[in-house]
Amino acid sequence: MEKRENFLPKPDSSLEDIDKINFIRHFDNRQKFEIEFFGKNKILPNCEICQVSEHDLSGQNSVEFIKKIKPDVVFIFGTEMIREPLYSVLPKMTINLHLGLSPRYRGSATLFWPFYFLEPNWAGSTFHFITNKPDAGGIIHQTLPILEKGDTIHQVACKVVKQSSIEVRRIIDILNSRQNLRIYKQKTSGKNFLTRDFVPQHLRVIYNLFNDNIVDYFLEKKINPKNPNIITADIE
């Protein structure tokens, strides 16, 4: 379990007031809706847990932990990219839950960018096998939340996580049935967003131009992005 970044980061003092206000609003709302959807208290499974930082995620402690528990299947969610030496000791059936529809939205903040590009219907998740490239492995399942009038950017993000946590059972059921998952190769490169691609001024689109009502604009057909083609977990 990787320790999370600062939950409420502070805006840079050099920012214009408009960007400081948006920055604070954005991360305050993230905290508000995550608590609303998932609660304040961490409810962890009753099993051995290896705590790591982002810097030692792929280090020797993680390697020894994996060797000790010898998992048949590994699901990864919300961590930094898996690198050596951890990468080589993970089982073949290692699946990443990526918050974003690959290959169009790969990398970092991939539930933010669909809103910035006025494509809220592309805010979803992708289950894929890990590779040594970001979010590039074969896809086995994708999910989208139901968008409802009044949904904000962070409400949609929470819906994606919640829906994904339910639909992971579909994958587990197929694995338990001893049948092979159908794998879809990512045929296009899409866009690999980096952490440094985001600047606070991007928030002006979300909050100053649309007042966090981009879902309403979509539902009322005031913006008309194309619809994604979703992959659903199935057997070969």
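Calculation rules
- Residues numbered from 1 in each chain as written.
- Predicted model: local features only at pLDDT ≥ 70, side-chain atom pairs only at ≥ 80, totals over all residues.
- Heavy atoms only, no water.
- Axes fitted to C-alpha atoms, helices over the stretch in contact; angles between N-to-C directions.
- Helix = DSSP H or I, 4+ residues; strand = E, 2+ residues; numbered from the N terminus.
- Parallel < 35°, antiparallel > 145°, perpendicular 65-115°, else oblique.
- Left-handed = near helix turned anticlockwise from the far one by under 90°.
- Contact = heavy atoms within 4.5 Å.
- Nonpolar A, V, L, I, M, F, W, Y, C, P; charged D, E, K, R; others polar.
- Buried < 20%, exposed > 50% of the residue type's maximum accessible area, 1.4 Å probe, protein only.
- Pairing = 2+ DSSP bridges.
- Expected span 1.5 Å × (residues − 1).
- Arc of directions from axis to C-beta.
- Phe/Tyr/Trp six-rings, centres within 6.5 Å; stacked < 30°, edge-to-face > 60°.
- Lys NZ or Arg CZ within 6 Å of the ring centre and 35° of its normal.

Undergrad: Please explain the packing of helix H1 (residues 17–38) against helix H5 (residues 153–176) as it appears in this structure.
TA: Two measures define how a pair of helices packs: the angle their axes make with one another and the distance between the axes. Relative to each other, H1 and H5 sit at 40°, their axes nearing to 9 Å. When the axis of H1 is compared with that of H5, the two are oblique. Between H1 and H5 lies a crossing whose hand is right-handed. Contacts between H1 and H5 pair His 26, Asn 29, Arg 30, Phe 33, Glu 34, Phe 37 and Phe 38 from the former with Ile 153, His 154, Gln 155, Cys 158, Lys 159, Val 161 and Lys 162 from the latter. Among the residues forming the contact of H1 with H5, the class breakdown is 6 nonpolar, 4 polar and 4 charged.

Undergrad: Can you walk me through the pairing of strand S4 (residues 125–129) in this structure?
TA: Within a regular strand, the side chains alternate between the two sheet faces. Among the 5 residues that make up S4, 5 are buried, leaving the element largely enclosed by the rest of the structure. Of the two faces of S4, both are covered, the one formed by Ser 125, Phe 127 and Phe 129 as well as the one formed by Thr 126 and His 128. In terms of strand pairing, strand S2 (residues 94–98) meets S4 through 4 bridges, oriented antiparallel. Bridge pairing in S4 links His 98 to Thr 126. Relative to strand S5 (residues 139–143), S4 is paired through 4 bridges, and the arrangement is antiparallel. Residue pairing for S5: Phe 127 is matched across the bridge by His 141.

Undergrad: Teacher, can you tell me more about the sheet that holds S5 here?
TA: Note on sheets: strands pair through backbone hydrogen bonds, and any given pair is parallel or antiparallel. Spatially, the 4 strands line up as an open sheet ordered S1-S2-S4-S5, and their pairing is mixed. Edge positions in the sheet fall to strand S1 (74–77) and S5, since each has one partner strand and no second. Ignoring strand direction, the axes of neighbouring strands in this sheet form an average angle of 20°. The sheet contacts of H5 involve S1, S2, S4 and S5, and relative to S5 the element is tilted by about 140°.

Undergrad: What is the right way to read H1 from this model?
TA: The periodicity of an α-helix, 3.6 residues per turn, causes residues three or four places apart in sequence to face the same way. With 22 residues, H1 extends 31 Å between its outermost C-alpha atoms, agreeing within 8% with the 32 Å of an ideal straight helix rising 1.5 Å per residue. What H1 keeps buried is the set Asp 19, Asn 22, Phe 23, His 26, Phe 27, Asn 29, Arg 30, Phe 33 and Glu 34. Looking down the long axis of H1, one finds its buried residues gathered within 150° of arc, a one-sided arrangement. Seen from the buried face of H1, the exposed residues on the opposite side, beyond 90 degrees, are Asp 17, Ile 21 and Glu 36. Downstream of H1 by one or two residues, Gly 39 has phi in the positive range, about 85°.

Undergrad: Would you mind showing me how to read the packing of aromatic side chains here?
TA: Each aromatic ring pair is characterised by the separation of its centres together with the angle its planes make. For the structure shown, the criterion picks out 12 aromatic pairs. Taking the centre distance of 5.0 Å and the plane angle of 75° together, the rings of Phe 112 and Trp 113 count as edge-to-face. With relative accessibility at 3%, the residue Trp 113 sits in the buried group. Look at Phe 117 and Phe 193: their rings are 6.3 Å apart centre to centre, the planes differ by 40°, and that puts the pair in the tilted class. Here Phe 117, found in the loop between helix H4 (113–116) and S4, pairs with Phe 193, found in strand S6 (residues 191–193); they are 76 residues apart in sequence, far enough to count as distant. Since its relative accessible area comes to 43%, Phe 117 is described here as partly exposed. In textbook terms, an aromatic cluster arises when at least three aromatic residues are bridged by ring pairs, as seen for Tyr 105, Phe 112, Trp 113, Tyr 116, Phe 117, Phe 193 and Phe 198. Lying across the ring of Trp 122, Arg 104 places its NZ or CZ 4.4 Å from the centre. Here Lys 222 stacks its cationic end above the ring of Tyr 217, 5.3 Å away from the centre of that ring.

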